[in-house]
Amino acid sequence: MLKKINTWKDLFGNDIDLWCCPVRKSADNILLVARFHGDEPEGEFCLRKMLEELQNTTVSSPYNIYILPCLNPSGKKLFTRANGREIDLNRNYPTENFTAISVNPHTKEMSSGEPASEIETQIMMKLVQDYNFKRILSIHSDLHLIDYDGPAKELAKHFSKLCGYRLVDNIGYQTNGSFGTWVGVERKTPLITVETWHGETAQDMMKIWQELKPAVWNFCELK
Ligand SMILES: [Zn+2]
């Protein structure tokens, strides 16, 4: 059932793969995405585990489930928050509150580039426009919480209950030009952002996935 349906190249020639576990053409689409930030491997680990399970198990869901495990392969190679052009991909969206420089608690000041200047951002925007996702899950690390944007409060509450991560209304710092602002606040697509705790070892990564799995399956309405 699981198929790789698209591979884009970033500016450095790295692959950005999109997978889909399809139900049928008329079904609604949902998206799971990770590794906006190259130094946050936890989310990609979880989505690759998810791909393995979808590959090896017969499942049913009312949704076509799209999975993009690594949006920032150039940042992954460098193990940096930003992409290979030193731009924070989660601040690069053409939102009303876009700013050229952003501040975050992880690395302090970073460039946001020009609105939608990055190919990774253009890929995500095109995906959202083409597939009209009913809900999106985005996995980051390592603040250990659940945040949401757009009409996703009930969904986020439920997600938080299932994984035991605390739910917040606001991450506590400015995120101008973020994917959440663009897709959730401005386009009104329900978005849940998971911030996992910091995984050091392979065992940590597995533990993170085991904690999140029931909530992720529930988000996808998988059986
Ligand atoms: Zn992040």
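Looking at the secondary structure, you find Thr7 in strand S1 (residues 3-9). A tally of 9 C-beta atoms within 10 Å means that Thr7 is categorised as exposed. On a C-alpha basis, the gap between Thr7 and Ser74 in space is 15 Å, while along the polypeptide they are 67 residues apart. The residues touching Thr7, leaving out its near neighbours within four places in the chain, are Asp15, Ile16 and Asp17.

So, on to the sheet that holds strand S2 (residues 15-21). Adjacent strands of a sheet form backbone hydrogen bonds with each other and so pair up, either parallel or antiparallel. In spatial order, the strands read S1-S2-S4-S3-S7-S10-S8-S9; together these eight strands make up an open sheet with mixed pairing. Since the sheet does not close on itself, it has two edges, and those belong to S1 and strand S9 (166-167), each with one partner. Examined bridge by bridge, strand S7 (residues 135-141) and strand S10 (residues 191-196) share six bridges and lie parallel to one another. Paired with Leu137 across the two strands is Ile192, which belongs to S10.

It is worth spelling out the nonpolar core at this point. Counting 51 residues, the largest nonpolar core has Cys46 and Ile192 as its most contacted members. With six residues, the top contributor of residues to this core is helix H6 (residues 202-219). Excluding residues that lie within four positions of it along the chain, Ile192 makes contacts with Leu137, Ile146, Tyr148, Ala152, Leu155, Ala156 and Phe159.

Take the pairing of S2 next. Pairing geometry for S1 and S2, over six bridges, is antiparallel. Bridge pairing links Thr7 to Asp17 in S2. Counted along the chain from S1 to the antiparallel partner S2, the turn is five residues long, and its residue Gly13 has a positive phi close to 85°. Judged from the three bridges that link them, S2 and strand S4 (residues 63-68) form a sheet pairing that is antiparallel. Paired with Trp19 across the bridge in S4 is Ile67.

All right, on to the environment of His144 then. Counting through the fold element by element, His144 comes out in the loop between S7 and strand S8 (145-149). The class of His144 is partly exposed, set by 14 C-beta atoms lying within 10 Å. Distance from His144 to Gly172, taken between C-alpha atoms, is 13 Å for residues 28 residues apart in sequence. Each residue touching His144, except ones within four places of it in the same chain, is listed here: Tyr165, Glu195, Thr196 and Trp197.

In this section: helix H1 (residues 41-56). For H1, with 16 residues, the first-to-last C-alpha span of 23 Å sits near the 22 Å given by 1.5 Å per residue. Listing the buried residues of H1 in full gives Glu42, Gly43, Glu44, Phe45, Cys46, Leu47, Met50 and Leu54. Where H1 is buried, its residues contact S2, strand S3 (28-34), S4, S7, S10 and H6.

This part covers the packing of helix H4 (residues 153-163) against H6. Between H4 and H6, whose axes approach to 7 Å, the crossing angle comes to 150°. One element, H4, and the other, H6, form an angle in the roughly antiparallel class. The chirality of how H4 crosses H6 is right-handed. Of H6, the residues touching H4 (which contributes His158, Phe159, Leu162 and Cys163) are Glu211, Leu212, Pro214, Ala215, Asn218 and Phe219. In terms of residue class, the contact of H4 with H6 is made up of seven nonpolar, two polar and one charged.

Criteria and thresholds
- Residues numbered from 1 in each chain as written.
- Predicted model: local features only at pLDDT ≥ 70, side-chain atom pairs only at ≥ 80, totals over all residues.
- Helix = DSSP H or I, 4+ residues; strand = E, 2+ residues; numbered from the N terminus.
- Buried ≥ 20, exposed ≤ 12 C-beta atoms within 10 Å, placed from the backbone.
- Contact = placed C-beta atoms within 7 Å.
- Pairing = 2+ DSSP bridges.
- Core = buried A, V, L, I, M, F, W, Y, C linked by C-beta atoms within 7 Å.
- Expected span 1.5 Å × (residues − 1).
- Axes fitted to C-alpha atoms, helices over the stretch in contact; angles between N-to-C directions.
- Parallel < 35°, antiparallel > 145°, perpendicular 65-115°, else oblique.
- Left-handed = near helix turned anticlockwise from the far one by under 90°.
- Nonpolar A, V, L, I, M, F, W, Y, C, P; charged D, E, K, R; others polar.

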